[in-house]
Amino acid sequence: MTDETRTQAAAPGPAPADPPPADLERLYYFMLLQRLAEERVVKLYQTGAIVGACFTGWGHEAIAVGSAAALGPDDVAATLHRDLGARLVLGMPLGYYFANFLGRSGSPSRGREGNLHIGGLGPRILLHTDFIGGNVPIAAGAALGFTVRREPRVALANFGEGTLATGEFHEAANLAAVLRLPLVLVCWNNQFALSTPIAREVLGPLDTRMAGYGMPACSVDGNDVLAVYRAAREAVDRARGGGGPSFVECRTMRVRGHSEADDASYVPRPMIEEGRRRDPVERFARHLLETGAAAAGRLEELRAHAAAEVDAAQAWAEATPPPDPAELEQGVYCEVTPWPS
Amino acid sequence: MAVLTYIEAIADGLREAMRADASVILFGEDVGAYGGAFKLSKGFLEEFGPSRVIDTPISEAAIVGAAVGAALVGLRPVVEMQFADFISNAFTQMVNVAATSSYRAGGCVPMVVRAPCGAGTHGGPFHSQSIEGYFFHTPGLKIVMPSTPADAKRLMLGAIADPNPVLFLEHKALYRSQRGPVEDGLAVEPLGRAAVRRPGRDLTILTYGMMAHRSLEAAERAAAEGVEVEVIDLRTLLPLDLDAIAESVARTSRVLIVHEDRLRGGVGAEIAAHLGEHLFTSLDAPISRIGAPDTPVPYAPPLETAYLPSVDRIFEAITRLARW
């Protein structure tokens, strides 16, 4: 189902295999869970229940889930505001997603942040940074930390194609390259940075420009979860093996507006229609059926299970109270504890 | 107890921390083999090895961002801005990322950003600035500026011990001009406490950094004329030790704020506003401030000397306030 995969300057090695069959269902489940949860959040936004902006990763589920699934159990990720599926793979309870959007105290941010801007989610999800490019140095720093401690761990950064225009991306990619850090850069190329098409953000193929950093890079169909998984897994294995950072471009299409307040009228309709035809969730369902990896009945079971999880997560979030204004000034600083411990 | 220069004392604190805790690492531009632009980390690479003393490219945003990432996975990074002025390149990581992490439940970010700052060394507009004002407005950061070798070591250790992002300002003109006794071992000064450098009953000077020394000199001159000035070295600018400030001001009833940074929107402006709101009835004279003019920092000695608050200016202000 991969329509094209290109690899630049990658160190030769055995190609990573697809995940085992049991994991295929898991990948599908998380993709579906992201889709159903986002459908629900869009509805909540349309009814006015969400006071802030509303962003989704609609159509990008294969990238979110496929890349995160390629990480090992102790690896970490720096997040993007569209990567709900990645966070679910890495252990974030879905209830936090609804609580954060709804501004409820059930989210770790306790109403201090909205959207998918939830940070500090245990050891695997690094703090969220909402500045484009800002999370790449942070992922590089986590990778640096692993190198200092000689821990065989990897850091992954999710970011969009517009990030390649930022200084922080350049600084972090260059830093990671010269220090040979165990970093995987996952670029979600969804063609538009708000209204700006990629041709006005960066020129030329994204993967080949990484040669300038001395960094292996590849470009895959970002609507094909197995292609994303294989490319990310190869990059993760290379990083863990001491081969330094890699860049994985995942080509996709933003099929909705930048946010739900944006009608994307500046996007040529055929691009959106083509993107919808290549819907990653439906494509993977077909793949599972065609290869016999899962029966139609099983997919229905998974859908029912995911729908129930969305209902339960929303109910849980709505049952947590709004934040107490008395907490407004709390938590600006972490409390001093004895050092060295 | 050893007698060290200010720069040696900072290095001593950093070295002790790195010996005591393997999670303390140092990285930045030229900090390794070269030993830092001011040679503060000379010998560190040899003692701690290249995995803990790391030379980076010229990438201030990535340096501070990487410190955040390393801190989030359990290290206590100390990073060097080669000159404090360069930190403007890392403003997002300082202000929007590191400073907000705790509040957003992103996790604690125990990191120290060392920044050699200040004028008096003929560095011109790009190598002489006082930068505290830019960051003083930012909740979630702590800002430290020692004035003595003893404090330089104790506060370096206090900054490393603190679980929050700390901007550690080192005045370049004090690096080798200040020498004094420094405690051995892990002498940790918790952040947030001012120090009385000179007790006095007639007037309080609130100051920090290089201006602590000029204030003391002016205070000695005033003492010869019978005016006893209390000089308080703030040491930590964020958070301010408002209790120590209030205790002294309530006793002396006259306040002079002296800092090298520009006056407008600065640390002194905030202190003055606080005193006006909370200690108005204790005051017998208008709150006075001395600081730099609203210009970039000039290069040529006649201009740079005129830019910096002088002992004469401080002495004149003391005299004026004491007669009020």
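Cut-offs applied
Residues numbered from 1 in each chain as written. Chains lettered and ligands numbered in written order. Predicted model: local features only at pLDDT ≥ 70, side-chain atom pairs only at ≥ 80, totals over all residues. Helix = DSSP H or I, 4+ residues; strand = E, 2+ residues; numbered from the N terminus. Rg over C-alpha atoms; globule rule 2.2 N^0.38 Å. Buried ≥ 20, exposed ≤ 12 C-beta atoms within 10 Å, placed from the backbone. Contact = placed C-beta atoms within 7 Å. Arc of directions from axis to C-beta. Axes fitted to C-alpha atoms, helices over the stretch in contact; angles between N-to-C directions. Parallel < 35°, antiparallel > 145°, perpendicular 65-115°, else oblique. Left-handed = near helix turned anticlockwise from the far one by under 90°. Nonpolar A, V, L, I, M, F, W, Y, C, P; charged D, E, K, R; others polar. Pairing = 2+ DSSP bridges. Domains from an automatic or database assignment. Right-handed = clockwise from strand over helix to strand, strands pointing away.

Caption draft 1: Fine view of the overall build of chain B. From N to C terminus, chain B includes eleven helices and 14 strands. For chain B, whose C-alpha radius of gyration is 19 Å, the value lies close to the compact-globule estimate of 20 Å for 324 residues. For chain B, the spread of C-alpha atoms along the three principal axes comes to 60 × 40 × 40 Å. Taking all 324 residues of chain B together, 60% fall into the buried category. A separation of at least 24 residues holds for 80% of the contacts in chain B among residues at least 6 apart in sequence.

Caption draft 2: Layout of helix H8 (residues 242-252) of chain B. All names here are of chain B. Within H8, the full set of buried residues consists of Ile 245, Ser 248, Val 249 and Thr 252. All buried residues of H8 project into a common sector of 95° when viewed along the axis, lining one side. Positive backbone phi, approximately 65°, marks Ser 253, located one or two places after H8.

Caption draft 3: Seen up close, the packing of helix H1 (residues 21-46) of chain A against helix H4 (residues 94-102) of chain A. All names here are of chain A. It is at 11 Å that the axes of H1 and H4 come closest, and there the two elements cross at 20°. One finds that H1 runs roughly parallel with respect to H4. Between H1 and H4 lies a crossing of right-handed hand. Contacts between H1 and H4 involve Leu 33, Ala 37, Val 41 and Leu 44 from the former and Leu 94, Tyr 97 and Phe 101 from the latter. Tallied by class, the residues present in the contact of H1 with H4 amount to seven nonpolar, no polar and no charged.

Caption draft 4: The sheet that holds strand E9 (residues 195-198) of chain B, seen in detail. Residue and element names in this part refer to chain B. Across the sheet, five strands lie side by side as E9-E11-E10-E13-E14; this open sheet has mixed pairing. Either end of the sheet is taken by a strand with one partner, and the two such strands are E9 and strand E14 (288-292). Strand-to-strand twist in this sheet, taken as the mean axis angle between neighbours without regard to direction, amounts to 25°. By the bridge criterion, four bridges tie strand E13 (residues 255-262) to E14 in an arrangement that is parallel. Directly across from Ile 257, in E14, lies its bridge partner Arg 289.

Caption draft 5: Broad picture of the domain arrangement of chain B. Residue and element names in this part refer to chain B. Looking at chain B, the domain boundaries give domain 1 (2-182) and domain 2 (195-323). The C-alpha centroid of domain 2 is placed 26 Å from the C-alpha centroid of domain 1. On the domain 2 side, the residues contacting the 25 residues of domain 1 number 23 residues. Elements represented by at least two residues in the side of domain 1 that touches domain 2 include exactly helix H5 (132-136), strand E6 (142-144), helix H6 (149-161) and strand E7 (165-171). Among the residues making up the side of domain 1 that touches domain 2, the classes are represented as twelve nonpolar, ten polar and three charged.

Caption draft 6: A look at the pairing of strand E11 (residues 229-233) of chain B. Residues and elements named next belong to chain B. Burial runs high along E11: five of the five residues are buried. In E11, alternate side chains face the same way, and those of Val 229, Val 231 and Asp 233 on one face and Glu 230 and Ile 232 on the other are all buried. Here three bridges tie E9 to E11, and the two strands are oriented antiparallel to one another. Looking at E11, one finds that Arg 198 is bridged to Val 231. Taken together, the five bridges between strand E10 (residues 203-207) and E11 define a ladder with parallel strand orientation. Bridge pairing in E11 places Leu 206 opposite Ile 232. Each parallel crossover has a hand, and for E10 linked through helix H7 (residues 210-223) to E11 it is right-handed.

Caption draft 7: Expanded view of the packing of helix H2 (residues 61-69) of chain A against helix H8 (residues 225-240) of chain A. Residue and element names in this part refer to chain A. Where H2 meets H8, the closest approach of the two axes is 8 Å, and the angle between their N-to-C directions is 35°. Where H2 crosses over H8, the two elements pack in a sense that is right-handed. Between H2, through Ala 62, Ile 63, Val 65, Gly 66, Ser 67 and Ala 69, and H8, the contact on the second element is made entirely by Val 225, Val 228, Tyr 229 and Ala 232. Its residues assigned to classes, the contact of H2 with H8 shows eight nonpolar, two polar and no charged.

Caption draft 8: Geometry of unusual backbone geometry. Of the consecutive residues Trp 339 of chain A and Pro 340 of chain A, the connecting peptide bond is found in the cis state with omega at -10°. Summarising the element assignment, Pro 340 of chain A is placed in the segment after helix H11 (296-319). A cis amide bond links Leu 238 of chain B to the next residue, Pro 239 of chain B, at an omega of 0°. Tracing the sequence through the fold places Pro 239 of chain B in the loop between strand E12 (236-238) and H8.

Caption draft 9: Region of interest: the interface of chain B and chain A. Every contact between the two is made by 39 residues of chain B and, on the other side, 40 residues of chain A. Broken down by secondary-structure element, the contributors of at least two residues to the side of chain B that touches chain A are helix H3 (60-72) and helix H4 (91-98) of chain B. If one sorts the elements of the side of chain B that touches chain A by residue count, H3 of chain B sits on top with nine residues. Class assignment of the residues belonging to the side of chain B that touches chain A gives a composition of 20 nonpolar, 15 polar and four charged.

Caption draft 10: Quick peek at the sheet that holds E7 of chain B. Residue and element names in this part refer to chain B. Taking strand neighbours across the sheet as the criterion, the seven strands line up as E3-E2-E4-E5-E7-E6-E12 in an open arrangement whose pairing is mixed. Each of the sheet's edge strands pairs with one partner strand only, and the pair in question is strand E3 (53-55) and E12. With strand direction ignored, the average angle separating the axes of adjacent strands in the sheet is 20°. As paired elements, E6 and E7 share three bridges and run parallel to each other.

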